[in-house]
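# Structure assessment
Listed below, chain by chain, are the residues.
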Amino acid sequence: MATMKTVQIYKPGDVDVLRYEDVERPEPQKNEVLVRVRAAGVNPVDYVSRAHGLILSTGTSVLPYVVGWDIAGEVVGLGEGVTQFAVGDEVYGMPRFPNEAKAYREYITSPVADLALKPQQLTHQEAAGVPLAALTAWQALFNTAHLQAGQTVFISGGAGGVGHYAIQLAKWKGAQVITTTSTRNVEFVHELGADVVIDYTRQAFVETIKDIDVVLDTIGEDVLKDSFKVVKRGGSIISLPGHKGVKVLGDQLAPQYGVAFTVIMVHPSGEQMAEMARLANAGQLKTHLDAVFPLKDVAQAHKLSAGGHVRGKIVLTLE
Ligand SMILES: NC(=O)c1ccc[n+]([C@@H]2O[C@H](COP(=O)([O-])OP(=O)(O)OC[C@H]3O[C@@H](n4cnc5c(N)ncnc54)[C@H](OP(=O)(O)O)[C@@H]3O)[C@@H](O)[C@H]2O)c1
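Residues numbered from 1 in each chain as written. Predicted model: local features only at pLDDT ≥ 70, side-chain atom pairs only at ≥ 80, totals over all residues.

### With respect to the sheet that holds strand β12 (residues 231–239)
We count it as follows: Paired strands, as defined in this entry, are two strands with at least two bridges between them according to DSSP. A run of DSSP states H or I qualifies as a helix once it reaches four residues; a run of E qualifies as a strand once it reaches two. Both are numbered from the N-terminal end. Here an angle of 0 to 180 degrees is reported between the N-to-C directions of two axes, which are lines fitted to C-alpha atoms, with helices fitted over the stretch in contact.
Here 6 strands make up an open sheet; going across it, the order is β10-β9-β8-β11-β12-β13 and the pairing parallel. The open sheet is flanked by β10 (196–199) and β13 (260–263), the only strands paired with a single partner. Shown here is a sheet whose adjacent strand axes are inclined to one another by a mean of 15°, direction ignored.

### Things to note about helix α8 (residues 270–281)
Put simply, the rule is: A helix is expected to span 1.5 Å multiplied by its residue count minus one. Partly exposed residues are those falling between the two cut-offs: more than 12 but fewer than 20 other C-beta atoms within 10 Å of their own, whereas 20 or more means buried and 12 or fewer means exposed, with C-beta atoms placed from the backbone. Arc definition: directions from the helix axis to the C-beta atoms. Whether two residues are in contact depends on their C-beta atoms, placed from the backbone: they are in contact if these lie within 7 Å.
Helix length check: α8 (12 residues) gives 16 Å between terminal C-alpha atoms against 16 Å at 1.5 Å per residue, within 8%. Looking at α8, one finds that the buried residues are Gly-270, Met-273, Met-276, Ala-277 and Ala-280. What you see down the axis of α8 is that its buried residues fit within an arc of 115°, all on one side. Seen from the buried face of α8, the exposed residues on the opposite side, beyond 90 degrees, are Glu-271 and Arg-278. For α8, the secondary structure elements touched by its buried residues are β5 (90–93), β7 (115–117) and α3 (131–144). Trailing α8 by a residue or two, Gly-283 shows a phi angle of about 80°, which is positive.

### Points about the site of the ligand
Going by this rule: By definition, a residue lies near a molecule or strand provided its backbone-derived C-beta atom is within 6 Å of it. Three classes are used, and their members are as follows: Ala, Val, Leu, Ile, Met, Phe, Trp, Tyr, Cys and Pro are nonpolar, Asp, Glu, Lys and Arg are charged, and the others, Gly among them, are polar. As annotated, the domain borders come from an automatic or database domain assignment.
Around the ligand, 32 residues are found, and the nearest of them are Ala-159, Gly-160, Gly-161, Ser-182 and His-309. Elements that contribute at least two residues to the shell around the ligand include exactly α1 (44–52), α3, α4 (161–173) and β9 (176–181). Class assignment of the residues belonging to the shell around the ligand gives a composition of 15 nonpolar, 16 polar and 1 charged. Both domain 1 (3–130 + 287–317) and domain 2 (133–263) contribute no fewer than three residues apiece to the shell around the ligand.

### Brief notes about the domain arrangement of the protein
Split by domain assignment, the protein resolves into domain 1 (3–130 + 287–317) and domain 2 (133–263). Domain 1 and domain 2 are separated by 28 Å when their C-alpha centres are compared. Counting residues at the interface gives 9 residues for domain 1, matched by 9 residues for domain 2. By residue class, the composition of the side of domain 1 that touches domain 2 is 3 nonpolar, 4 polar and 2 charged.

### Let's talk about unusual backbone geometry
Residues Phe-97 and Pro-98 are joined by a peptide bond in cis, for which omega reads 5°. By the secondary structure assignment, Pro-98 is in the loop between β5 and β6 (107–111). Despite not being glycine, Arg-96 has its phi angle at roughly 65°, a positive value. Its location among the elements puts Arg-96 in the loop between β5 and β6.

What follows is the structure, given as structure tokens:
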């Protein structure tokens, strides 16, 4: 029996529920490939699903459960009917989200539709940061808000995983970008292309900006409430935090302000991953790595993520 390393949980809880263990390698099914994972990205949904069992409660997974969705690696096996990829291809993606992808593993299977060729200009670690966060930014800005060149977009939390890709994607589209960060990240987001940066520890954005076309809210609560005061009538607000309060608040305020309000849920898309690979290869989409941990030190990665002040991305390495 061929085995591999994994991190899995037998119940939701604190970081001590994460178990580094050996398990059997999977086999790719029809229209799936087997990927040797070289790096796995860490997102807030990882520690949330570990701690609260949110994904477990969907009833779509069985215990032990493997956290994690973002991967970059190499195709090492093909299921029946696969023509899109060959053994040896380097790929990246966010398979099956929100169902279990089992990304914290040396080998995973993925539907071919959920993957794209890894951008050659990015390392496996940089590429593993991209899928969930950048797909979220892409789908919010382009599929939901239909952001156009010349429009103004306000991105709250510009230094985070989603925010730092959203700034780059909005600039690529030709939009004017305004964002918020704490003092230590002001220079960082300017370098990513932000035109106006508001240090939220010194100034309230609600007192500084107005007539915004599109808001991408990565923070929620008071930031969402104040976002309604800065967006123009007929504009749109897309909010990401998943808790119910965000949707209730936004749905209440939207008609008063004459604004389109949406809470989105990101979905896998090999096609969008391929478009972002083209941007990355052209130097227009970069990953900032805040921290890289070996898979067995995943507990440290979750603690850092839960602290809420990651700059760019945290990635696990499985070299
Ligand atoms: N609905 C979906 O499909 C979906 C998809 C992806 C993410 N999400 C959610 O979206 C949120 C953001 O995700 P993420 O991956 O970007 O998280 P992240 O990487 O952990 O974001 C951390 C960033 O938030 C910034 N931040 C914290 N408080 C802030 C404030 N008051 N104002 C401005 N910036 C602030 C921090 O910057 P400073 O250190 O400078 O404070 C840090 O850079 C999370 O709640 C996540 O669960 C939802």
